[in-house]
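Okay, here's what each chain looks like letter by letter:
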Amino acid sequence: MADMNTLARPYAKAAFEFAISEGKLAEWSAMLGLVAEAASNKEVANLLKNPSLGSEDKAEILLEICKAKIDDKGRNFILLLSEKDRLPLIPVIAEIYEAFKAEQEKSVEAEVTSAFEINAEQQKLLVDALRKRLDREVSLKVVIDKRLIGGVVIRTGDLVIDGSIRGKLAKLAESLKS
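Right, let's walk through the structure included here. (Residues numbered from 1 in each chain as written. Predicted model: local features only at pLDDT ≥ 70, side-chain atom pairs only at ≥ 80, totals over all residues. Heavy atoms only, no water.)

Considerations on the pairing of strand 2 (residues 137–144)
- Both strand 1 (residues 107–114) and strand 2 contribute to a ladder of 8 bridges, which runs parallel. The residue bridging Ser-114 from the neighbouring strand is Ile-144, located in strand 2.
- Crossover strand 1 to strand 2 through helix 7 (residues 120–134) is right-handed. (Pairing = 2+ DSSP bridges. Helix = DSSP H or I, 4+ residues; strand = E, 2+ residues; numbered from the N terminus. Right-handed = clockwise from strand over helix to strand, strands pointing away.)

What about the pattern of salt bridges?
- The tally for this structure, following the rule as stated, stands at 10 salt bridges.
- Linking Lys-101 and Glu-105 is a salt bridge whose minimum nitrogen-to-oxygen distance equals 3.8 Å. Placement of the pair is Lys-101 and Glu-105 together in helix 6 (residues 90–105), with a separation of 4 residues, close to one helical turn.
- For Glu-105, a relative accessible area of 40% gives the class partly exposed.
- Of the charged contacts in the structure, one is a salt bridge between Asp-145 and Arg-147, with a shortest N-O distance of 3.0 Å.
- According to the relative accessible area criterion, Asp-145 is buried, its value standing at 15%.
- Each member of the salt-bridge network shares a partner with another, and the members are Lys-124, Asp-128, Arg-131 and Glu-137. (Salt bridge = Lys/Arg side-chain N within 4 Å of Asp/Glu carboxyl O. Buried < 20%, exposed > 50% of the residue type's maximum accessible area, 1.4 Å probe, protein only.)

Section: a negative patch on the surface
- Taken together, the side chains of Glu-22, Glu-27, Asp-71 and Asp-72 present a region of like negative charge at the surface.
- Positionally, Asp-71 belongs in the loop between helix 4 (55–65) and helix 5 (72–83). (Patch = residues over 30% accessible without salt bridge, like charges linked within 9 Å, V, L, I, M, F, W, Y side chains within 5 Å. Areas by Shrake-Rupley, 256 points an atom, 1.4 Å probe, with all protein chains shown as cover. Lys, Arg positive; Asp, Glu negative; His and termini not counted. Charge placed at Lys NZ, Arg CZ, Asp CG, Glu CD.)

Concerning the pairing of strand 1
- In this sheet, strand 3 (residues 152–156) lies alongside strand 1 in antiparallel orientation, the contact comprising 4 bridges. Within strand 3, the position partnered with Ser-114 by the bridge is Val-152.

Some words on the nonpolar core
- Among the nonpolar cores identified, the biggest contains 33 residues, and Leu-62, Phe-77 and Ile-90 are the most heavily contacted of them.
- Taken together, the elements giving at least two residues each to this core come down to helix 1 (4–22), helix 2 (25–40), helix 3 (42–49), helix 4, helix 5 and helix 6.
- Considering every element that reaches this core, the biggest residue donor is helix 2, with 8 residues.
- If near-sequence neighbours (up to four positions away) are discounted, Leu-62 is found in contact with Val-35, Ala-38, Ala-39, Val-44, Leu-48, Leu-87 and Ile-90.
- Counting residues in hydrophobic clusters, the runner-up holds 9 residues, among them Ala-110, Ile-118, Leu-126 and Val-127. (Core = buried A, V, L, I, M, F, W, Y, C linked by side-chain atoms within 4.5 Å. Contact = heavy atoms within 4.5 Å.)

Some details on the packing of aromatic side chains
- A full pass over the atoms with the stated rule returns 4 aromatic pairs.
- With a centroid separation of 5.5 Å and 40° between ring planes, the pair formed by Phe-16 and Phe-100 is classed as tilted. With a gap of 84 residues between them, Phe-16 in helix 1 and Phe-100 in helix 6 connect regions that are remote in the sequence.
- On the basis of an interplanar angle of 70° and a centroid distance of 5.5 Å, the ring pair of Phe-18 and Trp-28 is categorised as edge-to-face. You can see Phe-18 sitting in helix 1 and its partner Trp-28 sitting in helix 2, a full 10 residues away along the chain.
- With a relative accessible area of 25%, Phe-18 lands in the partly exposed category.
- Pairwise contacts between aromatic rings join Phe-16, Tyr-97 and Phe-100 into one cluster. (Phe/Tyr/Trp six-rings, centres within 6.5 Å; stacked < 30°, edge-to-face > 60°.)

Take a look at the structure:
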């Protein structure tokens, strides 16, 4: 079977281009996020994979769960995915859509893992430094992990900056082994 990203990308791109043309990037982001969350639920995911249910029944299950946040165009999108047996791809479609949206908005989310709390001033310094390096608007998500011993690990997309004591010790151990 083809990679899920490969299958999901055309649908995410179509949704993104439609949202751009309608000026509804945020609305489609919220809608796809909600539907993806519903489709990721274990019970719902099992229903979506159930071969005894028809594609229209599967779509109706999702649409019923999310009916308050889905407009007619979104409903048509879900029905199309169902028709093509692509409902299980919705979480991946939403993820790719968000990547397109972030690229459009020149923004990125950076996850900063630290051994200790990072105060507001330190967060501002990190955001400013990352904004300058990445040439994008940056929003931080801070995670505390005492196993790092000290320092921080910054992850954003494919970029990982490991400034942790744990990472430095691992590099030292690796160099001593060679």
